[in-house]
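Descriptive analysis of the structure
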Amino acid sequence: MLWLHACPRCAGDLMEEQGYRGEVWISCLQCGAVLTGEDEAALRAPGRTLREPVSAA
Ligand SMILES: [Zn+2]
């Protein structure tokens, strides 16, 4: 999953990443910020001010 220009810190692009143990987090490609659980919930919720997610598939 990729969110364009959705970083709360720098308005960069956010990407969902997965670790080797299956843990998932969202981080910014430009500044490296890692979203908090609260930020992530807002990002995933439909109808928010953040841009619509762009599916990688
Ligand atoms: Zn950023």
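Residues numbered from 1 in each chain as written. Predicted model: local features only at pLDDT ≥ 70, side-chain atom pairs only at ≥ 80, totals over all residues.

As a further point, take the sheet that holds strand E1 (residues 2–3). Spatial ordering of the open sheet is given by E1-E2-E3, a layout of three strands whose pairing is antiparallel. Both edges of this open sheet fall to E1 and strand E3 (24–28), since each of them pairs with a single strand only. As defined by bridge partners, E1 adjoins strand E2 (residues 14–18) across two bridges and the pair is classed as antiparallel. In the sheet register, Leu2 faces E2, and the bridge partner there is Met15. (Pairing = 2+ DSSP bridges. Helix = DSSP H or I, 4+ residues; strand = E, 2+ residues; numbered from the N terminus.)

So, about the environment of Glu16. Position of Glu16 among the secondary structure elements: in strand E2. Under the C-beta neighbour-count criterion, Glu16 is labelled partly exposed, with 17 such atoms within 10 Å. Leave out the neighbours within four places in its chain, and Glu16 touches Met1, Val24 and Ile26. (Buried ≥ 20, exposed ≤ 12 C-beta atoms within 10 Å, placed from the backbone. Contact = placed C-beta atoms within 7 Å.)

When E2 meets E3, the two strands line up antiparallel, connected through five bridges. For Glu17, the partnering residue across the bridge sits in E3 and is Trp25. Linking E2 to E3, which pair antiparallel, is a turn of five residues; within it Gly22 sits at a positive phi near 95°.

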